[in-house]
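Given next are the chains, with one letter for each unit.
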Amino acid sequence: MCVAALIALIAAVGGAAAQPGRRAISIIVSGGTVITENGARQVLAPGSVAIDGTDIVDVGTPDAMAAKYQARESVDARGQVVLPGLINTHTHAPMVMYRGLADDLALMDWLQQYIFPAEAKTVSPEMVRIGTRLAALEMIESGTTTFVDMYYFEEEIARAAFGAGLRGVLGQTIIQFPVADAKTPADGLARAERFIREFNDNGLIVPAVAPHALYTNDLATLTASAELGRKYGVPVLIHFAETEDEVRTAREK
Ligand SMILES: [Zn+2]
């Protein structure tokens with residue numbers, strides 16, 4: 001729901017309640033430059049944001065908001081910017097563990113000579129859990145509140161993200177060769193289906209199917225991945241057209 005709609009909703013609720021005095025809420029963030037991203041792209045400098053439970057309930061000038069709300073917790077945001085959370089639209093969170101392993105290489109050299117061999121030796125539920133918790137800390141610290149991910153043991157990533165209070169569009173990887181969590185693409189597809197069933201009703205997690213790429217899956221696996229996505233109405237995530245080589249290979253196939 002957009003902020004403008006939220007404000008309209010709150011105005012209606014406030015009118016219906018018609019109680020004297022200020023409304024009790026959980027948190028007020030006051031005094032910062034508030035970038036609303038509402039329909040009018042309104043920027044309040046200074047502004048305040050009222051939060052109750054999991055909802056942003058109102059945005060306005062600090063004086064107006066102080067007159068309307070009694071917050072249990074106040075955050076002084078003077079000198080800071082308050083804006084909607086950033087969204088990381090593509091990552092593999094546990095790969096923070098490989099930071100510095102190999103950089104500035106062509107994609108296929110990086111993958112085939114360094115990353116795939118390292119993953120074959122080190123990917124485990126524990127590695128994925130620890131890596132995601134580190135990545136979650138870094139994302140939160142830099143203002144990221146939602147991330148799109150594709151990796152192995154994706155259920156560990158989902159649990160760590162949920163535990164950290166992050167939103168995630170998270171895809172169980174499907175790949176043609178044997179990997180840590182699946183010996184065959186059929187194993188990967190079965191895993192993906194279990195993952196979707198487990199997290200389909202989670203308030204923060206959107207489960208997805210993630211065939212790795214055109215160059216790491218055959219046509220049957222790609223087709224089955226798409227069918228699985230359609231069966232449950234979930235997103236399908238895939239690496240696509242990352243390099244000129246990949247585009248050329250895809251066209252040849
Ligand atoms: Zn990627």
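Each remark here, short or long, concerns the structure printed above.
So, here is what we can say about the structure in this document.

How each quantity is defined
- Residues numbered from 1 in each chain as written.
- Predicted model: local features only at pLDDT ≥ 70, side-chain atom pairs only at ≥ 80, totals over all residues.
- Heavy atoms only, no water.
- Donors = N, O, S within 2.8 Å, 3.2 Å for Na, K, Ca; no water.
- Helix = DSSP H or I, 4+ residues; strand = E, 2+ residues; numbered from the N terminus.
- Buried < 20%, exposed > 50% of the residue type's maximum accessible area, 1.4 Å probe, protein only.
- Expected span 1.5 Å × (residues − 1).
- Arc of directions from axis to C-beta.
- Contact = heavy atoms within 4.5 Å.
- 1 Å grid on protein atoms, 1.4 Å probe; cavity = no way out; pocket = protein on both sides within 12 Å on 5 of 7 lines; lining within 4 Å.
- Points joined across faces, edges and corners; volume = space filled by probe spheres on them.
- Nonpolar A, V, L, I, M, F, W, Y, C, P; charged D, E, K, R; others polar.

1. A word on the coordination of the zinc ion
Next up, step 1: Each protein donor to the zinc ion is listed here as His90 (NE2), His92 (NE2) and His239 (NE2); together their distances run 2.0 to 2.1 Å.
Next up, step 2: Spacing between the donor residues of the zinc ion along the chain follows H-x1-H-x146-H. Here the residue histidine 92 occupies a position in the loop between strand 6 (86-91) and helix 3 (107-122), and histidine 239 occupies one in the loop between helix 7 (219-232) and helix 8 (244-252), the gap between them amounting to 147 residues.
Next up, step 3: On the basis of relative accessible area, histidine 239 is assigned to the buried category, the value being 6%.

2. Brief notes about helix 4 (residues 125-141)
Next up, step 1: If you check helix 4, its first and last C-alpha atoms are 24 Å apart, about what 17 residues at 1.5 Å a residue would give, namely 24 Å.
Next up, step 2: Within helix 4, burial applies to Met127, Val128, Gly131, Thr132, Ala135, Ala136 and Met139. In a view along the axis of helix 4, the buried residues occupy a sector of 160 degrees, so they form one face of it. Turned more than 90 degrees away from the buried face of helix 4 sit Arg133, Leu137 and Glu141, all of them exposed.
Next up, step 3: Packing partners of the buried residues in helix 4 comprise helix 3, strand 7 (144-151) and helix 5 (154-164).
Next up, step 4: At the exit of helix 4 stands glycine 143, carrying a positive phi of roughly 90 degrees.

3. Let's talk about the layout of surface pockets
Next up, step 1: For the largest pocket, the calculated volume is near 1400 Å³.
Next up, step 2: Lining the largest pocket are 35 residues, with Ile56, Leu83, Pro84, Gly85 and Thr145 positioned closest to its centre.
Next up, step 3: At the level of elements, helix 1 (3-17), strand 1 (23-35), strand 2 (43-52), strand 3 (55-60), strand 4 (69-76), strand 5 (81-82), strand 6 and strand 7 are the ones that each hand at least two residues to the lining of the largest pocket.
Next up, step 4: Split by residue class, the lining of the largest pocket holds 22 nonpolar, 10 polar and 3 charged.

4. What to know about the environment of threonine 33
Next up, step 1: Along the polypeptide, threonine 33 turns up in strand 1.
Next up, step 2: You can call threonine 33 partly exposed: its relative accessible area is 30%.
Next up, step 3: The spacing of threonine 33 and glutamine 80 is 47 residues in sequence and 6.3 Å in space, taken between C-alpha atoms.
Next up, step 4: Threonine 33 has contacts with Val43, Leu44, Ala45, Gln80, Val81 and Val82, leaving out every residue within four places of it along the chain.

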